[in-house]
Amino acid sequence: MRRSGARLACANCHGPGGRGEPPAIPYLAGQYAHYTASQLRMWQQGSRKTNLGAMGDIVKKLDDGDIDAPAAYFQQVIATPPKSVKAKE
Ligand code: HEC
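Residues numbered from 1 in each chain as written. Predicted model: local features only at pLDDT ≥ 70, side-chain atom pairs only at ≥ 80, totals over all residues.

Draft legend 1. Representation of the overall build of the chain. When helices and strands are tallied, the chain shows 4 helices and 0 strands. Order of helices (α) and strands (β) in the chain, N terminus to C terminus: α-α-α-α. Every one of the 89 residues in the chain was classed for burial, and the buried ones make up 18%. Taking as baseline every contact in the chain between residues at least 6 positions apart, the subset at least 24 positions apart corresponds to 64%. (Helix = DSSP H or I, 4+ residues; strand = E, 2+ residues; numbered from the N terminus. Buried ≥ 20, exposed ≤ 12 C-beta atoms within 10 Å, placed from the backbone. Contact = placed C-beta atoms within 7 Å.)

Draft legend 2. Region of the structure containing the site of the ligand. Around the ligand sit 19 residues, and of these C10, C13, P26, T50 and N51 come closest. If you list the elements that add at least two residues to the shell around the ligand, you get α1 (2-14), α2 (33-45) and α3 (52-59). The biggest single contributor to the shell around the ligand is α1, with 6 residues. Among the residues forming the shell around the ligand, the class breakdown is 13 nonpolar, 6 polar and no charged. (Near = placed C-beta within 6 Å. Nonpolar A, V, L, I, M, F, W, Y, C, P; charged D, E, K, R; others polar.)

Draft legend 3. Representation of the nonpolar core in the model. In this structure, Y27, L28, A29, L40, W43, I67, A71, Y73 and F74 together form the largest nonpolar core, which totals 9 residues. Of all elements in the fold, only α2 and α4 (64-76) reach the threshold of two or more residues within this core. (Core = buried A, V, L, I, M, F, W, Y, C linked by C-beta atoms within 7 Å.)

Draft legend 4. The arrangement of the confidence of the model for the chain in detail. For the chain, per-residue confidence averages 85 on the pLDDT scale, and 79% of positions sit at 70 or higher. The secondary structure element of the chain with the lowest average pLDDT is α1, at 72, and the one with the highest is α2, at 96. (pLDDT = per-residue confidence, 0-100.)

Draft legend 5. Summary view of the environment of A29. Tracing the sequence through the fold places A29 in the loop between α1 and α2. With 13 residues separating them in the primary sequence, A29 and P16 have C-alpha atoms 9.4 Å apart.

What follows is the structure, encoded as structure tokens:
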């Protein structure tokens, strides 16, 4: 319950399925779980200093499971770019 709740909270900002809301909110969908988890831990440890108002506050409430579960979840989501973003290839 708590973990799916954390995922829902991520989607509130990071968009449905973690697809991102450019330009301010990066996508999480398809991102390597290791990358997502390590960014969250860097915020927790104070070594990532961007956007402490948003992510900096959120990570204070997360324990290891709350980091690894959404990180694993977003890795297996297929990224669907929002309509405002055109494929660049
Ligand atoms: C209040 C809005 C908000 C919520 C809720 C939120 N985020 Fe974020 N997140 C942001 C913003 C804004 C950024 C961009 C900050 C930056 O790069 O400094 C960001 C950046 C990130 C990044 C860095 C992405 C990158 O490309 O480096 C990760 C990872 C991340 N969020 C994961 C999560 C996870 C997992 C959750 C749920 C536990 C979550 N976020 C909930 C607003 C939010």
